[in-house]
Amino acid sequence: MAAAFSTQELMIIASAREIQDGEVVFVGMRLPITAFGVARLTHAPNAVGLFECGILRNEPAKDMLYTMSDPPNQQDAAWCTGTAQVMGLLQGGQVDAGFIGGAEIDRFGNINTSYIGGHRQMKTKLPGSGGAADIAAMSKRLLAIMNHEPHRLVRRVGYVTSPGGLDGGTSRRKAGLAWGGTAAVITDRAILKPHGEEGELHLFSVHPGHTADEIKAHTGWELKDHPLLAPTPEPSALEMDALHAIDKDGFWRS
Amino acid sequence: MAAAFSTQELMIIASAREIQDGEVVFVGMRLPITAFGVARLTHAPNAVGLFECGILRNEPAKDMLYTMSDPPNQQDAAWCTGTAQVMGLLQGGQVDAGFIGGAEIDRFGNINTSYIGGHRQMKTKLPGSGGAADIAAMSKRLLAIMNHEPHRLVRRVGYVTSPGGLDGGTSRRKAGLAWGGTAAVITDRAILKPHGEEGELHLFSVHPGHTADEIKAHTGWELKDHPLLAPTPEPSALEMDALHAIDKDGFWRS
Amino acid sequence: MKSKLVSLKEAVRDVIKDGDRVVIGAGLEHAIPFAVTFELIRQGKRNLDLIAPISDASADMLIGAGCASSVTGAWVGNVSGGLGHNYRRAMEQSIPHPLKVNDFSNFSLAMALMAGAYGMPFVPVRSLLGSDITQSNPDHRLLQNPLSDESDPVVLVKPLLPDVAVFSVPRSDIFGNAHHWGSLGVTQEAGLAARKVILLADEIVDTSIISSDPNRVLFPGFKVVAVVHEPAGQYPSPLTGCWRRDNAFFNDYHQHSRQRDGYLSWLDEWVLSLPDHASLRAKLGGRLSDLRIKGQAFSAPANFASA
Amino acid sequence: MKSKLVSLKEAVRDVIKDGDRVVIGAGLEHAIPFAVTFELIRQGKRNLDLIAPISDASADMLIGAGCASSVTGAWVGNVSGGLGHNYRRAMEQSIPHPLKVNDFSNFSLAMALMAGAYGMPFVPVRSLLGSDITQSNPDHRLLQNPLSDESDPVVLVKPLLPDVAVFSVPRSDIFGNAHHWGSLGVTQEAGLAARKVILLADEIVDTSIISSDPNRVLFPGFKVVAVVHEPAGQYPSPLTGCWRRDNAFFNDYHQHSRQRDGYLSWLDEWVLSLPDHASLRAKLGGRLSDLRIKGQAFSAPANFASA
């Protein structure tokens, strides 16, 4: 029995499925932190969550968070420390997965959150990296969450804040990044995953209510099908129950 | 009125005089930590003491210490932290003075606590640097405490664990050490200080009961007189009172 | 020892100079000393270089007020709203004047402050590899690892040495010995790297309270030049054990600052028309007291007895 | 989550392998897990590389017992007595066999572990300049600062990545979440840099005690592979809040270890003839209970309540 769900609830549950049991994950705020909670309540009871302000949590916070530093995220944390300590784990190759968002992503998974148009001919100044560049460079797997619009999913970003596959193929390794890269891009319409020698993002799954043609029309490059292309599985009752246990007020419902 | 005093008490008080008010000092164990206490009770009430295990104290510990990590040094410390933090202050140029001891010191103030005979033709293996190399390199002023014997005060050490003036003159600066160097060597017979262009150690003051000739006979190089050569001032009643207030059991008396 | 207790006005006037490189909070979204942000604006300080990984909306406010000529950081905006409108206006339209940005990521900024704290000539960072941050900030030098025979690029990041760092702390003595708890961001590194530190203490306590737990001290009291007793000095940001975050204040700022005029009237209402932080507390009234943390979830005691 | 609680014997047998690079205590003279030193000797582990700034007489004991083929450290001896007689015999006369020493200073070792902890390819250290430590340990590379146009030598130190680090802690839960307090030496860096961590806990407590004060945690519980409940596991070294130092034990060791025969009979009496650490506690009897810290000087509480 599949329950009714919102697009954001589907994105959260799709994100939760990317977290494996026992993993160390940079979860950040908004959708990913809820996804972390769902994963812990379903298939990944031993996953742990890191926050770049300097927090490690075994269990998600009990109350509403506006920022990762809010008091409910501090109380009963497993570790309160500094940014260097938690992000040093990342650079040391001890973080399995990291979630980031972005304003622009390209077909190789590079993300721009700094300068639309590039830093020399900036059209729009965005807030910048925060920890996103570090998380993209140094997580074993990068998970990106985006809204799926043609001006956001572009052929080539004007500025790489957070590296995905760079120019594709071996270029990420040649840049000195010994591990990592984009594992999945979870949008409000679909999931994209890299495929082929170049590691270009392909259409991996189509969310319920959307079509491959519509998704391709909303993508700024000629989006190809992943060989495993399939519909995104609908949330199970178990997954929805877990989500509702966390999102008691239905914040993600609408 | 000068009180009676032991050689070690004189060395402690001579060391205390090298600490100025408000200074940040690596005090280590044994004589220097007592000297720090005397300085605080007399002319330097705002000096603070650092210990490389990761302790900062405004006031000396209240009970007997066998090591710098002993519980009395932890209780009511001003800061308990790590070695990187306290010694990072040192490398950052924020430490005014540091005390170290040694098995061998040479005419330029270089100290060996590693390999008598050098590391290639070692005769005796000594314990090594601990933090001494760091303190010698990075304190604004280095204060060394030694027993005054010809085999300890040598023309040239076989191995420089802790740099003083290296080969004299500008050689310390050329090695990349932007500041610091030996300020005083306090022995059981005398105080030596660097003088002249080469910065060779000269006889600065002669402890009560000793003579310049005797001291020179116990020095492994041709020890020259400092232009300010004078007798080491005897401990004042104030200084002895301060020492007795700290050394209640008369540990340094004999 | 002499007391370092001064008023907020005195601390900002006497310690922070035009052109200084300043850290106004190092906790990302936590414990940002907004009282100093507001007082810098009231005193019309100019040409500051704002060093911080994030510091929530503090930088955006200072930029809009014309206090900053550069930002050395990883992210400038408003955590509640996302974009920082004043930051965008300064970068895109030079309003109120041009702004230079020295791009970092959170980790590379933490390491740059660590290099400053521990006297390192530079610090090698791998997490900037592949990012155009090394292009837009030419201070970051992409080099071959000199210890490796194989191709092994690293980024050498220069140490950051702030002139002044300001932190909100739950409690301090009058000499600058203070306790910090909760997530720390880059507080320890910034405090050790800075030439001078100003503390905004929610509570002033006896030295014996601080020395009862020396592990909760992040940097020595001798780094501190001024202690300001300013309850809720971090308002509207949160302070673990003391204050929750006022999310509505940030949202309100985000809406008003969308247009320059709206920002200026916001600034007048919330900063310029108030002589000091006590007036802000009074204006907030029950809205502030609602944010006071009233529950108790105390740390298990640690024994430091020596015998 | 699964409990990580095991016996000392199991932890040493299953986690520490011949040839491992091991940190046996990182507190210089504080909180050295001598129970593991003794158990390594009992189990006859071989070819260990002992990484530690100091660790009091632990390395000297292991060297004399033939467990170590190298020492990566700043100082090996016996803090009470000065010289380490086994260290001297190994270095000067290859008794019981030759020993390699990788020279460091305390600070450069701390930085090397920090480089390991934070994934740095190397760390630049100035405090080794002028010292022959860069001559006797060719791993330390003296180079020109690549960011400087003027002569500016720096020493590049390689990261240290221990296979196993063992720490004594006052309290831990069964999952390896633990509190540390007092001086920390290089504990945090070593714990973060090590592949695996073993904790000797003076007391096993509920997880809620640890999470009541997450700032007193130095590294995440997921680094810990084994938790051993072993009161006075750090004996004869001190442990803040729990145990004073047994100075006489160190002096006695110093006297006995002066000659090889004396060391061997000391070893027999205090290590080999005892099956486990409980037997050592029983043998010590009142001598140990006299060292128990009975006073109370508790840390001031820190509130972590969220509302």
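Scroll up for the structure.
Predicted model only: the values in this text are computed from it and were never measured.

Which residues make up the overall build of chain C, and what values go with them?
A tally of regular secondary structure across chain C gives 12 helices and 11 strands. Computed over C-alpha atoms, the radius of gyration of chain C comes to 20 Å, within 12% of the 19 Å expected from 2.2 N^0.38 for 307 residues, which places it in the range of a compact globule. Expressed along its principal axes, the backbone C-alpha trace of chain C runs to roughly 65 × 60 × 35 Å. Within the span of chain C, comprising 307 residues, buried residues form 68% of the whole. Counting only contacts in chain C whose residues sit at least 6 apart along the sequence, the fraction spanning at least 24 positions is 73%. Across chain C, the centroid of the 29 positively charged side chains sits 3 Å from that of the 31 negatively charged ones.

An account of the overall build of chain A is needed here, citing residue identities and associated values.
The helix and strand inventory of chain A stands at eight helices and 15 strands. Scaling as 2.2 N^0.38, a compact globule of 254 residues should have a C-alpha radius of gyration of about 18 Å, and chain A matches this with 17 Å. For chain A, the spread of C-alpha atoms along the principal axes amounts to about 45 × 45 × 30 Å. Every one of the 254 residues in chain A was classed for burial, and the buried ones make up 63%. Of all intrachain contacts in chain A linking residues separated by at least 6 positions in sequence, the fraction that spans at least 24 positions is 65%. Summing over all exposed atoms, chain A offers an accessible surface of approximately 9000 Å²; the carbon and sulfur share of this is 52%. Here chain A carries 23 positive and 28 negative side-chain charges, and the mean point of each set is 6 Å from the other.

Report on the relation of the copies chain C and chain D, specifying residues and quantitative values.
The two copies are related by a screw operation: chain C maps onto chain D through 180° of rotation and 0.0 Å of translation along the axis, at an RMSD of 0.0 Å. The operation mapping one copy onto its partner corresponds to a two-fold rotation axis. With an isologous cut-off of 70% or more, the 100% of interface residues of chain C that recur at the interface of chain D puts this contact in the isologous class.

Quick notes on the rules
Residues numbered from 1 in each chain as written. Chains lettered and ligands numbered in written order. Predicted model: local features only at pLDDT ≥ 70, side-chain atom pairs only at ≥ 80, totals over all residues. Heavy atoms only, no water. Helix = DSSP H or I, 4+ residues; strand = E, 2+ residues; numbered from the N terminus. Rg over C-alpha atoms; globule rule 2.2 N^0.38 Å. Buried < 20%, exposed > 50% of the residue type's maximum accessible area, 1.4 Å probe, protein only. Contact = heavy atoms within 4.5 Å. Lys, Arg positive; Asp, Glu negative; His and termini not counted. Charge placed at Lys NZ, Arg CZ, Asp CG, Glu CD. Areas by Shrake-Rupley, 256 points an atom, 1.4 Å probe, with all protein chains shown as cover. Least-squares fit on C-alpha atoms with pLDDT ≥ 70 in both.

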